[in-house]
Amino acid sequence: MKLDNMFKKTRIVSRIQSHSAVRASRPEVPEGLLRKCNKCGAAIIAEDVKQGYYICPKCGGYFRVHAYRRIQMVIDEGTFEEWNQDLIGGNPVNYKGYPEKVQALQEKTGLKEAVVTGKGKINGRDTVIAVCDGRFLMASMGWAVGEKITRAVERATEEKLPVIIFACSGGARMQEGITSLMQMAKTSAALERHSKAGLLYVSVLTEPTTGGVTASFAMLGDIILAEPGALIGFAGPRVIEQTLRQKLPKGFQRAEFLVEHGFVDDIVRRENLKETLGKILEIHAVSWKTENRIRTDAAELHHADHPGSDSENLTNDKCDSDRGDSNPAGINPYLTAWDRVQLSRKIDRPSGSDYIKALFTDFMEFHGDRNYGDDKAIIGGIAKFHGRPVTVIVQEKGTNTKENIAHNFGMPMPEGYRKALRLMKQAEKFHRPVICFVDTPGAFCGIEAEERGQGEAIARNLWELAGLKTPVLSVVTGEGGSGGALAFAVSDEVWMLEHSVYSILSPEGFATILWKDSTKAKEAAEVMKLTASDLKDLGMIEQIIPEKEPLTRENMMETMEVLEKRVRGFLDTYCAYDLEKLLNKRYNRFRNL
């Protein structure tokens, strides 16, 4: 018998006692003080997480937020009024154990169902809000969830209020079978009526948004926002991996992936959500129709006090180019057409985003065509022009080689035209004027562009712009190349900066096709009549904006002052037209060319 075995038990007991003594000597952590981050695994102080918008201070990962806490984050204190709090569903397919599970969750969470709905204020503006709570059957959508959301949307339609829905869901509720599936159609139908009433719906996608919720109300917003890194998709990643039997790429189905592929307008950090939602509500609170009523009332008062006065006094004075002078003051008559082509292409000429910064405030960029992708050659969104909400769309080339490549040298893909059209139709719905800044060598030519329907995308823009029920202004700031430019210029008026050009194609292309010699581009430029003065003489454009020679980002402000004054005059004039006059005037403009 080995002597070691005689003391084995004693040594084990000794180690246990020693370990217990060490544990006893450590300070005890009060229960609930620490939490473990489910992203990085770090131990973090619970109160720090609560005060920090439920974001991990170590890795920046997002914790899921309970519905009432979310409401506290975004709704003004003391303004929330809950609706249909006690609404609950049944067991339509008699699924065994389902009622007991629901009851247990009701007791555990204090919720009756997986969504909280009601009305409140964000920065003083009324809105209807619905917030899914993942603690309750992963916020899956059964009859009660669908019914609460539908009732909230219907009431918002009756009260003419915007709707904001925070989605967080595993999708349809399996335990309710086909009844759950029908909630997708029911909620979508209610939102369609809300939209037809001209009302705003903002969808905010949080971790996770999947299944039938993604395939219904979550993806139907006029504006779709997402929290960073949120899982968003129809089929869950595990289901896809099992089906394909391969590992999914990093970042697949995350919010950033959705932006890149054109399905989400923007990613907003949680601490900025209330401010962002407040700006969106504010900019949608006033339409040009409302402003038109105000201006009409002012005009009637003016005429009552000053009989026989000219209504044009209510707008800015006419500029030189309005009087039909093809060479107004400040325009350099000595440059050749080729000189102007060269100036229009200069790398230090202001890009589209420079005009946004110079002329507008509160700009919010929206991404994607809701179909395929987000084309960086097009930048668009909502902004204010002297306090007036507008939609701004620019063709962006960039300011250096790296940016030129990122923006594809300002040559849009089909998804770029479709993104622009989506924003134009959104502007039409909310009665916002559209202002486009055109600067492109032309639409991108390539295999992928043809596969995705470049011709159809351009044609669709021409069709829709012709009848767009809101004022449209287009300003050619650099190159106006062919149909790629025209797709942004079927507007009420087209203006050109002095050293911009607008033509059927580039001089090099013209010379190649007609003369089989691209080196004759200089001669082609003279023949093509592509300068601002040429097009003004031909009746193709309404105004020429004089510019410093050469115009750069450093000296652009003097030109912007002129442009700003004229844009104000355009908006004052065209926003005062009734819809029939606006559309007839636009139609006749192109009918007579």
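Residues numbered from 1 in each chain as written. Predicted model: local features only at pLDDT ≥ 70, side-chain atom pairs only at ≥ 80, totals over all residues. Heavy atoms only, no water.

Draft legend 1. Just the overall build of the chain, in detail. Looking only at helices and strands, the chain features 24 helices and 18 strands. Expressed as a percentage of the 593 residues in the chain, the buried residues total 50%. Taking contacts inside the chain between residues at least 6 apart in sequence as the whole, the part at least 24 apart equals 72%. Accessible surface, the chain: about 28800 Å² in total, of which carbon and sulfur atoms supply 53%. (Helix = DSSP H or I, 4+ residues; strand = E, 2+ residues; numbered from the N terminus. Buried < 20%, exposed > 50% of the residue type's maximum accessible area, 1.4 Å probe, protein only. Contact = heavy atoms within 4.5 Å. Areas by Shrake-Rupley, 256 points an atom, 1.4 Å probe, with all protein chains shown as cover.)

Draft legend 2. Representation of the nonpolar core in the model. F166, F217, L277, I393, M424 and F488 are the most contacted members of the largest nonpolar core, which totals 102 residues. With 6 residues, the top contributor of residues to this core is strand β6 (residues 163-169). Those residues in contact with F217 that sit more than four places away from it in its chain are C132, M141, I149, I165, A167, T187, S188, L191, Y201 and S203. Counting residues in each nonpolar core, the second largest holds 28 residues, with F360, V390, V392 and V394 among its members. (Core = buried A, V, L, I, M, F, W, Y, C linked by side-chain atoms within 4.5 Å.)

Draft legend 3. Structural context of empty space enclosed by the protein. One pass over the structure, following the stated rule, counts 4 cavities of 30 Å³ or more. Lining the largest cavity are 14 residues, and of these R64, V65, R70, T206 and E207 lie nearest its centre. Looking at the lining of the largest cavity, the elements that each hand over two or more residues are β5 (125-132), β6 and β7 (201-210). The element best represented in the lining of the largest cavity is β6, accounting for 3 residues. Among the residues forming the lining of the largest cavity, the class breakdown is 8 nonpolar, 1 polar and 5 charged. Here the second largest cavity defines a volume of roughly 70 Å³. (1 Å grid on protein atoms, 1.4 Å probe; cavity = no way out; pocket = protein on both sides within 12 Å on 5 of 7 lines; lining within 4 Å. Points joined across faces, edges and corners; volume = space filled by probe spheres on them. Nonpolar A, V, L, I, M, F, W, Y, C, P; charged D, E, K, R; others polar.)

Draft legend 4. Structural context of the side chain of T276. Along the chain, T276 falls in helix α11 (residues 273-283). Excluding residues that lie within four positions of it along the chain, T276 makes contacts with L225, V268 and M364.

Draft legend 5. Structural context of a nonpolar patch on the surface. A surface patch of nonpolar side chains, about 390 Å² in accessible area, is lined by I513, L514, W515 and V527. Considering every element that reaches the nonpolar patch, the biggest residue donor is helix α20 (residues 507-515), with 3 residues. As for its position among the elements, I513 is in helix α20. (Patch = residues over 30% accessible without salt bridge, like charges linked within 9 Å, V, L, I, M, F, W, Y side chains within 5 Å. Salt bridge = Lys/Arg side-chain N within 4 Å of Asp/Glu carboxyl O.)

Draft legend 6. The pairing of β7, seen in detail. For β7, a buried count of 10 out of 10 residues is recorded, marking the element as mostly surrounded by other parts of the structure. Sheet topology places β6 next to β7; 6 bridges connect them, and they run parallel. Across the sheet, the residue bridging to A167 is L205, located in β7. One crossover worth recording links β6 to the parallel β7 by way of helix α7 (residues 178-196), and it is right-handed. In this structure, β7 lies alongside strand β8 (residues 223-226), joined through 4 bridges in parallel fashion. Looking at β8, one finds that L205 is bridged to A226. As judged from the 2 bridges shared by β7 and strand β9 (residues 232-233), these two strands associate in the parallel manner. Opposite T210, over in β9, you have G233 as the bridge partner. (Pairing = 2+ DSSP bridges. Right-handed = clockwise from strand over helix to strand, strands pointing away.)

Draft legend 7. Representation of unusual backbone geometry within the structure. Between E207 and P208 the backbone carries a cis peptide bond, its omega angle lying at -15°. Residue position: P208 is located in strand β7. The phi angle at A139 is positive, at roughly 50°, despite the residue not being glycine. Take A139: it is sitting in the loop between β5 and α6 (143-158). Positive phi is not limited to glycine here, since R245 has a value of about 55°.

Draft legend 8. Quick look at helix α18 (residues 454-466). Taking 1.5 Å as the rise per residue, α18 with 13 residues should run 18 Å; its terminal C-alpha atoms sit 19 Å apart, in good agreement. All buried positions along α18 are accounted for by Q454, A457, I458, N461 and L465. The buried residues of α18 occupy an angular sector of 95° when projected down its axis, which confines them to one face. Tucked inside the fold, the buried residues of α18 contact α16 (414-429), α17 (447-451), β15 (472-481), α19 (482-486) and α24 (579-591). (Expected span 1.5 Å × (residues − 1). Arc of directions from axis to C-beta.)

Draft legend 9. Representation of the environment of G262 in the model. With respect to the helices and strands, G262 occurs in the loop between α10 (255-260) and β10 (266-267). Along the chain, G262 and G416 lie 154 residues apart, while their C-alpha atoms are 9.8 Å from each other. Residues in contact with G262, not counting those within four places in the same chain, are G368, D369, R370, N371, Y372, G373 and D374.

Draft legend 10. Region of the structure containing the confidence of the model for the chain. Per-chain confidence: the chain averages 89 in pLDDT, with 87% of residues scoring 70 or above. Segment residues 21-27 is flagged for pLDDT under 50; beyond a separation of four residues in sequence, or across chains, it makes 0 contacts in the model. Within the model, the stretch residues 292-326 combines pLDDT values under 50 with 40 contacts to residues more than four positions away or in other chains. (pLDDT = per-residue confidence, 0-100.)

Draft legend 11. Quick peek at the state of the cysteines. Counting across every chain of the model gives 0 disulfides. The thiol of C168 is not disulfide-bonded; the next cysteine sulfur, from C132, is found 6.8 Å away. (Disulfide = S-S within 2.5 Å.)

Draft legend 12. Highlighting the pairing of strand β4 (residues 115-122). Burial runs high along β4: 7 of the 8 residues are buried. In this structure, strand β3 (residues 81-83) lies alongside β4, joined through 3 bridges in antiparallel fashion. Counterpart to E81 in the pairing with β4 is K119. Here 8 bridges tie β4 to β5, and the two strands are oriented antiparallel to one another. Considered in β5, the bridge of V116 is made with V131. The turn joining β4 and β5, which pair antiparallel and follow one another in sequence, is formed by 2 residues; a positive phi near 50° is taken by N123.

Draft legend 13. View of the packing of aromatic side chains. Counted by the stated rule, this structure contains 9 aromatic pairs. Relative to F570, the ring of W495 lies with its centre 6.2 Å away and its plane at 90°, an arrangement referred to as edge-to-face. Note that W495 is positioned in strand β16 (residues 493-497) and F570 in helix α23 (residues 557-574), a separation of 75 residues in sequence. The exposure class of F570 is buried, given its relative accessible area of 4%. Among the aromatic residues, those joined into a ring-pair cluster are Y355, F360, F385 and F437. (Phe/Tyr/Trp six-rings, centres within 6.5 Å; stacked < 30°, edge-to-face > 60°.)

Draft legend 14. Region of interest: a negative patch on the surface. Taken together, D339, E523, E526 and E549 make up a surface patch of like negative charges. Counting through the fold element by element, D339 comes out in helix α13 (residues 337-344). (Lys, Arg positive; Asp, Glu negative; His and termini not counted. Charge placed at Lys NZ, Arg CZ, Asp CG, Glu CD.)

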